[in-house]
Amino acid sequence: MRVFLTFIAGLLALPVQFVSGTQSADEIRDSLRAHDRAVHLHDIWVRDPYIILGADGYYYYTGTTQMPEQQGTGDAKFNTGLGKSSLVGWHVQAWRSKDLIAWEVLGSVYTLKDGIWFQTERARFDGTPENQWRLWAPELHWLGSRWALVHTTPTPVRSSNLSLTRGAKLDGSWENPMGTNIAHRHDPSLFKDDDRTWWMLWGATEIAPLKPDFTAFAAEPTRIGPSGETAKMGHEGCLMRKLGSKYVLFGTGWSTGQMRKGSYNLYYATADKITGPYSERKFAGRFIGHGTPFQDKDGRWWCTAFYNADVPPLSSEGIQTRDLSETAQTINRQGLTLVPMDIRAADGDVVIRALDRRYASPGPDERQDFTSVAR
């Protein structure tokens, strides 16, 4: 049974919440416990979904979203978010949950007007209709006493922002300690190392440590990437995790190596030092490109996934042997999907694989030959 519960805060004096998707709350709970099959949590339009488990016991969720007033309309449902017809908005919408099932709507916690570029390039903003402002791939990071947010944007100013809350709440009060020196860095991501140094990653892939006050980089950027015949992680959506003593660099690319042809996949490479050298590029999962690997409260790994295609979602029947190279295709429905992952140390390295067989293996349209890459 499809469940959709919305409680209007103004009427009930409670936070707005939703439980949405094709499964009931009990069915979602059972699927999360089983940890063996992808779980579709909701059908609200999103790209680049990002989830982090906060220090307060809440999961925080955000991503590239449309403006609130567009959500649920017919035109919006399968909008790719690309090109002149894009319906991507300029707000960061956020949710939080104690159990990954019922989500409290936090609303628009940040907009482009909170960033440095609205202050320094106001004429560019004033000269661009608001429906052409775009905010992509936001991430939220808890710094210990306040939040950090990074994102990329193509218009009105091709740029990025690194913004910090002035207090512990996601309440819309932000400062921009790096100023315009953040410049444009495609899909920026933050990573905290064991020595408490924060690093920024962007593109595919450059990395640099940040000063403790986030006002500048502490060293010049370093280019990192896999060794072997595939010297790039992909073209976007890179992030870092550390498992034991190994740094794990994740990156996103299309299976065919051509833009918007095939499946949108997640890859990884490992290293003993954050600046490399890194291993050959390995396969993490099909259809989970620009997803976020995260651990739940029981230590189980998941990766977020979303609809990214030029045709409606495919049936998963026989998908493992189906060539998808004709155009951008996926089995993911619109909204947020969680894919169970096996991520563990093995034989001095890290092994990563999707536990749902529909996501676990490269398809016949995969350009890279993974048979020679140790899993």
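In short, a report on the structure.

Each value, and the rule that gives it
- Residues numbered from 1 in each chain as written.
- Predicted model: local features only at pLDDT ≥ 70, side-chain atom pairs only at ≥ 80, totals over all residues.
- Heavy atoms only, no water.
- Pairing = 2+ DSSP bridges.
- Helix = DSSP H or I, 4+ residues; strand = E, 2+ residues; numbered from the N terminus.
- Buried < 20%, exposed > 50% of the residue type's maximum accessible area, 1.4 Å probe, protein only.
- Contact = heavy atoms within 4.5 Å.
- Core = buried A, V, L, I, M, F, W, Y, C linked by side-chain atoms within 4.5 Å.
- 1 Å grid on protein atoms, 1.4 Å probe; cavity = no way out; pocket = protein on both sides within 12 Å on 5 of 7 lines; lining within 4 Å.
- Points joined across faces, edges and corners; volume = space filled by probe spheres on them.
- Nonpolar A, V, L, I, M, F, W, Y, C, P; charged D, E, K, R; others polar.
- Phe/Tyr/Trp six-rings, centres within 6.5 Å; stacked < 30°, edge-to-face > 60°.

### Brief notes about the sheet that holds strand S12 (residues 198-202)
Here we have four strands laid out as an open sheet, ordered S11-S12-S13-S14, and antiparallel in their pairing. Each end of this open sheet is capped by a strand with a single partner; those strands are strand S11 (189-192) and strand S14 (222-223). Direction of pairing for S12 relative to strand S13 (residues 206-209): antiparallel, over a ladder of four bridges. Looking at the pairing, Trp199 lines up with Pro209 of S13.

### Examining the environment of Asp48
Tracing the backbone shows Asp48 in strand S3 (residues 47-53). Given a relative accessible area of 4%, Asp48 falls into the buried group. Spatially, the C-alpha atom of Asp48 lies 8.2 Å from that of Gly289, the residues being 241 residues apart in sequence. Setting aside residues up to four positions removed in sequence, Asp48 forms contacts with Thr62, Gly63, Thr64, Trp136, Ala137, His290 and Phe306.

### Quick look at the nonpolar core
Ranked by size, the top nonpolar core spans 38 residues in total, and within it Leu162, Leu190, Met200 and Leu210 carry the most contacts. Elements with a contribution of two residues or more to this core: S3, strand S5 (91-97), strand S6 (103-111), helix H3 (116-120), strand S8 (147-153), strand S9 (159-165) and S12. Looking at this core, the element that brings in the most residues is S8, giving four residues. With residues up to four places along the chain from it excluded, the contact list for Leu190 reads Glu139, His141, Ala148, Val150, Leu162, Trp198, Trp199, Met200 and Leu210. Among the nonpolar cores identified, the runner-up in size contains 25 residues, and Leu243, Ala284, Phe287 and Ala354 belong to it.

### Thoughts on the layout of surface pockets
Size it by volume and the largest pocket reaches roughly 550 Å³. Tyr50, Ile52, Leu53, His141 and Arg241 are the residues nearest the centre of the largest pocket, which is lined by 22 residues in total. Mapped onto the lining of the largest pocket, the elements with two or more residues apiece are S3, strand S7 (136-142), S11, strand S15 (236-243) and strand S19 (293-295). For the lining of the largest pocket, the residue count by class is 14 nonpolar, three polar and five charged.

### Things to note about the packing of aromatic side chains
Tallying each qualifying case throughout the model produces 21 aromatic pairs. Between Tyr267 and Phe370 the ring centres are 6.0 Å apart and the planes differ by 15°, which places this aromatic pair in the stacked class. Remark: Phe370 occurs in the segment after helix H5 (357-360) and Tyr267 occurs in strand S17 (residues 264-271); sequence separation between them is 103 residues. The pair Tyr267 / Phe370 is uniform in exposure class, with both members buried.

### Some words on the pairing of S17
Taking burial as the measure, the eight residues of S17 include eight buried ones, the bulk of the element. Where strand S16 (residues 246-254) meets S17, eight bridges bridge the pair, whose relative direction is antiparallel. For Tyr247, the partnering residue across the bridge sits in S17 and is Ala271. Here three bridges tie S17 to strand S18 (residues 282-285), and the two strands are oriented antiparallel to one another. Its bridge partner lying in S18, Leu266 is registered against Gly285.

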